[in-house]
Amino acid sequence: MEKMVTIYIDDKAYEVEEGQDLLKACLSLGFNIPYFCWHPAMHSVGACRQCAVKVFRDEKDRKGKIVMSCMTAATEGIRLSIDDPEARQFRASVIEWLMLNHPHDCPVCDEGGECHLQDMTVMTGHIYRRTRFRKRTHRNQYLGPFINHEMNRCIQCYRCIRFYNDYAGERDFSVFSAHDSVYFGKHEEGVLRSEFSGNLIEICPTGVFTDKTLKSHYTRKWDLQTAPSVCVHCGLGCNTIPGERYGTLRRILNRYNGDVNGYFLCDRGRFGYGFVNSDTRIRKPLLNIHKDTPGGPASKEEALEYISKILHFGARVIGIGSPRASMEANFALRSLVGPENFYQGLSEKEHETISEIAGIMQKSPARSPSLHDVSMADSVFLLGEDVSNTAPMLALALRQSVRRKPMEIVRQLRIPEWNDAAVREAIQDGKGPLFIGSTCDTRIDDIAAGIHHAPPEDLARLGFAVAHEIKKDLPAVDDLPKETSSLARRIARALKTAERPLIVSGTGCGSREVIRAAANVAWALCEGGKEAGLCFVVPECNSLGLGLMGGEGLEGAVRRVIDGTADSVIVLENDLYRRMEADKLDRFFGPDSHVIAIDHYLNRTTFRADVVLPAGTFAESDGSFVNNEGRAQGFYQVFIPGGDMQESWRWIRDMMVWTRREAAADWKGLDDVRKAMAADMPLFRPADGIAPGAGFRIAGQRVPRQPHRFSGRTAMHADVSVHEPRPPEDPDSPLSWSMEGYAGRPPSPLIPRFWAPGWNSVQSVNKFQSEVGGPLAGGNPGRRLIEPEKEGEAHYFMKVPSPFEEKEGKLLVLPCYHIFGSEELSARSPGISGLVPGPYVGLNAETLDHLEIQDGDEVEIKIGSQTLLLRAERMPSLPAGTAALPTGLPGLEGVALPYRGRLKKGGKRTGAHE
């Protein structure tokens, strides 16, 4: 437990944690002190001089001295004044010189209304500018499709460079010049390389970096309707705040969750929302009786009447779930068709690996860590996962973890951890042990202490060898190369000597053996007395939730339809052509099968269905997802969709009503579905309380989705009526569709936006935390469904896979990933779609030379029944005998990997790879 000390603020005593900086202490106590350069995640550098307070020697000292509160530690008995006239005057003079060159463009600035500079200017009382000289001006740069650059608004706080270079670890953005001509940008304009560049929008206290995707459909911040939500673009479950206006989703902001994403989001999560507004959205039910062309629109009643004929009494109906659909929607489908007829909707390889992970997590003595826990690990072994592309925020957390071990130097020198410049000076290039075993280069190789590239079989053998070094009675790995054996010993030694060792793996290379090897390492550490973490990466927002629900994979469903043991299929939010080869699915959509598809955009599956029902996206639905940690989190509608769109679980409930299924009799709202799910599957009982139910009220009031400054509600509907319409009721949540409601701080799962009096910017999150940088008041959102098995014994995996063998004429084609393109929904967003690479096959230098081809030449590759003609791309780090195919890119959907494939050069067979 941290030691507490008493400090005196304007002669009143307060108890705070010893050693923290005074700015953080005062903000945590609710005081308002202006600041710019300080940030809770990046700490103090004392660059802006805005947070000045006066400190006194003792109670008799009346003169005192001005200090920067962010650079002064809280010690026993320290006395300070925030309201001292001299301190107030100093802060006013600082804001005045910072504003000398700032343009008078608040009315046209995209940041206007939620600008930290505006808030701090008002807080200091600065209202008059005495300078009459011309302002400094800069030329702006093109920084890509996400970020708009307006350098004239810069106040030189250095936050952007500290985040981009020091925190996120990228180097294509820098600071140039000096004095009052400092310039933050690129040496040569172009797209920012970092997958976290969008955080500059929230990091910057002014309007230098603004959201270019919002600019295309701009709305003032106080006119955005918002709700708490969860990102749908990977399996980490980052918390978000989507904003809507006129039935269009306009932007995504970070929603602080101290256990998950903290203050940041990746660019895919921030800018991938465009699919919600896509022209390919399904807005009315479609009847497609002939299956050759998309059918015409129908009414809701016509569609349900047609479905009731398909699902007649005695029909053999199966349901195919989805890892991008909510828990409630998957459970509703499972209830409609019965557990024995429910299929997970995952490819064979996905089903195999996710089921393995779900089983391991439920019997594991190692805890599945949150992203915050990951950032605190002091030794990491990453096995078989390219986290920068499959789970970007996990990569950002790992970048922070490598700083934990060198902090021993800082503690020896007695440097406070919040003194960021001094800490980095002391650490220099020191990094903690992070070992990476992967199939090819990753974007975090620059912070690794050791790297090993190998095919999945050999990565698994490395993992088993590390486990053996930790616990000698686990199986040894024979015939390991000397270099690999030495690396295994290094990894084991680093993990055994760590206080918080962490093992990271996942589904990325499609290998169940890699996952088992990672589990062995973590379990061996736990048996040795270590509090080891075991973190698995899963591909989609509800992959783990679906895995915990049980059921066979997609292969079983397709087999039943083809062999005639099922004649009707309900497909839930799942484009099956992304998960299976087209020739199998063409037989699945045969003349004797009836397919009902529930989805929110047109795809190859909906084109082949008899009936298509329009589902709401995450922005138009309520529900919950289970992230890779096993944390169930709720998300809420931010706007009511037009037409007949509704939540998927409601469509299934309507089917039950029309076909007279008893299960739906009591499903009036989302709470009823959750209660039924908890009763049917005990594992999900904790999820029943992830957020307050629809009947929750504070002082008899709901929580408003609209801010108190929201305007234009009457004008928005003036073409219908000049009278303000009655806000609709929300049967599924305690949120209201208006700006009327409880004006105070709601429970953390229901916070729709961060705002406090005098704090209009994202910095207002400080007012919602139990302490600045800590958990939200009342606890962070979400509830863990799985906790470690402390009493039971670890069930080790004892079979070591055979080493990889090159086969004459075939290459092992491995999956690789792109943050932009591999994920289904974000690739449909305008800003991201322009960054999606074209399809290619990655080959190492040996294979390129053998085939006598160059970068860019066409290569024909045969995988199963598919023949692909692709551009060759040099990937020097690929192991011998392998190739890489980017998962999910246009034209590469449904390819089952890993796979032994044949290559030939541009249509003419050559050499050993015939």
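A. Region of interest: unusual backbone geometry. Cis rather than trans, the peptide bond between leucine 897 and proline 898 has omega equal to -5°. With respect to the secondary-structure elements, proline 898 resides in the loop between strand S35 (882-886) and strand S36 (899-905). In this model, aspartate 10 sits at a positive phi of 50°, which is unusual for a non-glycine residue. Relative to the elements of secondary structure, aspartate 10 occurs in the loop between strand S1 (4-9) and strand S2 (12-17). Overall, the relative accessible area of 30% leaves aspartate 10 in the partly exposed class.

B. Structural view of the packing of aromatic side chains. Scanning the entire structure with this criterion turns up 21 aromatic pairs. Between tyrosine 158 and phenylalanine 184, the aromatic rings sit 5.1 Å apart at their centres with planes inclined by 85°, giving edge-to-face as the arrangement. Placement of tyrosine 158 in the loop between strand S6 (147-149) and helix H4 (159-167) and of phenylalanine 184 in strand S8 (residues 183-185) is noted, with a sequence separation of 26 residues between them. Residue phenylalanine 184 is classed as buried on the basis of its relative accessible area of 1%. Ring plane angle 5° and centroid distance 6.0 Å describe the contact between tyrosine 577 and phenylalanine 589, whose orientation is recorded as stacked. With tyrosine 577 in the loop between strand S23 (568-572) and helix H21 (582-588) and phenylalanine 589 in the loop between H21 and strand S24 (594-599), the pair connects residues that are twelve residues apart, well separated along the chain. When sorted by exposure, tyrosine 577 lands in the same class as phenylalanine 589, which is buried. Through a chain of ring-to-ring contacts, three or more aromatic side chains come together here, namely Phe163, Tyr167, Tyr256, Tyr263 and Phe264. Lying across the ring of tyrosine 246, arginine 245 places its NZ or CZ 4.7 Å from the centre.

C. Seen up close, the packing of helix H16 (residues 456-470) against helix H17 (residues 482-496). It is the contact of H16 with H17, at a shortest axis distance of 8 Å, that shows an interaxial angle of 55°. Viewed along their axes, H16 and H17 adopt a mutual orientation that is oblique. Relative to H17, H16 is oriented so that their crossing is right-handed. For the pair H16 and H17, contact is made by Leu462, Ala465, Val466, Glu469 and Ile470 and by Thr484, Leu487, Ala488, Arg489, Ile491, Ala492, Leu495 and Lys496, respectively. Split by residue class, the contact of H16 with H17 holds nine nonpolar, one polar and three charged.

D. The pairing of S36, seen in detail. The sheet contact formed by strand S31 (residues 811-816) and S36 spans three bridges and is antiparallel. In the sheet register, leucine 812 faces S36, and the bridge partner there is arginine 900.

E. View of helix H2 (residues 85-98). Taking 1.5 Å per residue as the helical rise, H2 with its 14 residues ought to reach 20 Å, and the 20 Å between its terminal C-alpha atoms agrees with that figure. The set of residues buried in H2 consists of Ala87, Arg91, Ala92, Val94, Ile95, Glu96 and Leu98. Looking at the buried side of H2, the elements it contacts are strand S3 (52-56), strand S4 (65-68), strand S5 (79-81) and helix H3 (116-124).

F. Just the side chain of serine 736, in detail. Structurally, serine 736 is set in strand S29 (residues 735-736). Every residue in contact with serine 736, bar those within four places of it in the chain, is listed here: Arg702, Val703, Pro704 and Arg705.

G. View of the pattern of salt bridges. Counted under the stated rule, the structure contains 56 salt bridges. For the salt bridge of arginine 631 with aspartate 259, the shortest nitrogen-to-oxygen distance reads 3.5 Å. Here arginine 631 is found in strand S27 (residues 631-635), whereas its partner aspartate 259 is found in the loop between strand S13 (248-254) and helix H7 (267-271), with 372 residues between them in sequence. Judged by its relative accessible area of 5%, arginine 631 falls in the buried class.

H. Structural view of a positive patch on the surface. A surface patch of positive charge is lined by Lys482, Arg489, Arg490, Arg493 and Lys496. Residue position: lysine 482 is located in helix H17. Accessibility expressed as a relative area gives 76% for lysine 482, which makes it exposed.

I. Representation of the confidence of the model for the chain. Overall, the prediction assigns the chain a mean pLDDT of 93, with 97% of residues at 70 or greater. In the model, residues 908-914 has pLDDT below 50 throughout and makes 17 contacts with residues more than four positions away in sequence or in other chains.

J. Region of interest: the side chain of serine 764. Among the secondary structure elements, serine 764 is positioned in the loop between S29 and strand S30 (783-784). Since its relative accessible area comes to 0%, serine 764 is described here as buried.

K. Looking closely at helix H10 (residues 348-362). For H10, built from 15 residues, the straight-helix expectation of 21 Å at 1.5 Å per residue is met to within 8% by its first-to-last C-alpha distance of 21 Å. Residues Glu350, His351, Thr353, Ile354, Glu356, Ile357, Ala358, Ile360 and Met361 constitute the buried set of H10. Buried residues along H10 sit against strand S21 (501-506), helix H18 (512-527), strand S22 (533-537) and helix H19 (543-549).

L. Up close: the nonpolar core. Counting residues in hydrophobic clusters, the biggest one holds 209 residues, and the most contacted among them are Phe381, Leu394, Val466, Leu534, Met655, Leu843 and Leu885. The biggest single contributor to this core is H18, with eleven residues. Excluding residues within four positions of it along the chain, leucine 843 makes contact with Leu811, Leu848, Ile853, Val859, Ala872, Glu873, Arg874, Met875, Leu878, Ala883 and Leu903. If you look at the next biggest cluster of nonpolar residues, it comprises 38 residues, including Ala74, Leu80, Cys115 and Trp759.

M. The arrangement of the sheet that holds S22 in detail. With parallel pairing, five strands are arranged side by side in an open sheet as S20-S19-S18-S21-S22. Single-partner strands in this sheet number two, and they are strand S20 (450-453) and S22. On average, adjacent strands in this sheet sit at an angle of 10° to one another, irrespective of strand direction. Across four bridges, strand S18 (residues 379-383) lies against S21 in parallel orientation. Counted as the bridge partner of phenylalanine 381 is isoleucine 503 from S21. This element, H18, spans S18, S21 and S22 of the sheet and lies at about 165° to S21.

N. The packing of helix H9 (residues 327-337) against helix H23 (residues 648-658), seen in detail. Their axes nearest at 8 Å, the elements H9 and H23 cross at an angle of 20°. The angle between H9 and H23 falls in the class roughly parallel. In terms of crossing hand, the pair formed by H9 and H23 is left-handed. Counting all contacts with H9, which are made through Glu328, Ala329, Ala332, Leu333, Ser335 and Leu336, the residues of H23 involved are Ser648, Trp649, Ile652, Met655 and Met656.

Reading the values: the criteria
Going along each chain's sequence as written, the residues are numbered from 1 onward. Only residues with pLDDT of at least 70 get local features here, since the model is predicted, and only at 80 or more are side-chain atom pairs given and counted; chain-wide, interface and lining totals rely on the full set of residues. Only hydrogens and water are set aside when side-chain values are computed; all heavy atoms of the structure are taken into account. Under the DSSP-based scheme used, a helix requires at least four consecutive residues in state H or I and a strand at least two consecutive residues in state E, with every element numbered from the N terminus. Each residue is placed in one exposure class: buried if its accessible area under a 1.4 Å probe, protein chains only, is under 20% of its type's maximum, exposed if it is over 50%, and partly exposed if it falls in between. Centres within 6.5 Å are what make two rings of Phe, Tyr or Trp a pair, Trp counting through its six-membered ring; a difference in plane orientation under 30 degrees is then read as stacked, over 60 as edge-to-face, and the rest as tilted. Charge over a ring is defined by NZ of Lys or CZ of Arg lying within 6 Å of the ring centre and within 35 degrees of the ring normal. Axis angles are defined between N-to-C directions and span 0 to 180 degrees, where every axis is a line fitted to C-alpha atoms and, for a helix, only to the segment in contact. Between 65 and 115 degrees an angle is taken as roughly perpendicular, under 35 as roughly parallel, over 145 as roughly antiparallel, and anywhere else as oblique. Each crossing gets its handedness from the near helix: less than a right angle anticlockwise from the far helix is left-handed, clockwise is right-handed. Contacts are assigned to residue pairs with any non-hydrogen atoms lying within 4.5 Å of each other. Side-chain classes are defined by residue name, with Ala, Val, Leu, Ile, Met, Phe, Trp, Tyr, Cys and Pro counting as nonpolar, Asp, Glu, Lys and Arg as charged, and the others, Gly among them, as polar. Between any two strands, pairing holds if DSSP finds at least two bridges. Here, expected helix span is obtained from the residue count minus one, scaled by 1.5 Å. By definition here, a salt bridge exists when the distance from a side-chain nitrogen of Lys or Arg to a carboxyl oxygen of Asp or Glu is within 4 Å. Residues with no salt bridge and a relative accessible area higher than 30% make up the patches, which join like charges within 9 Å and nonpolar side chains (Val, Leu, Ile, Met, Phe, Trp, Tyr) within 5 Å. Here the Shrake-Rupley method, with its probe set to 1.4 Å, supplies the accessible areas, and only the displayed protein chains count as covering residues. Positive charges come from Lys and Arg alone, negative charges from Asp and Glu alone, with His and the N- and C-terminal ends not counted. Charge coordinates come from a single atom per side chain, which is NZ of Lys, CZ of Arg, CG of Asp or CD of Glu. Think of pLDDT as the predictor's per-residue confidence, scored from 0 to 100. Residues belong to one nonpolar core when they are buried, are Ala, Val, Leu, Ile, Met, Phe, Trp, Tyr or Cys, and are joined through side-chain atoms within 4.5 Å.

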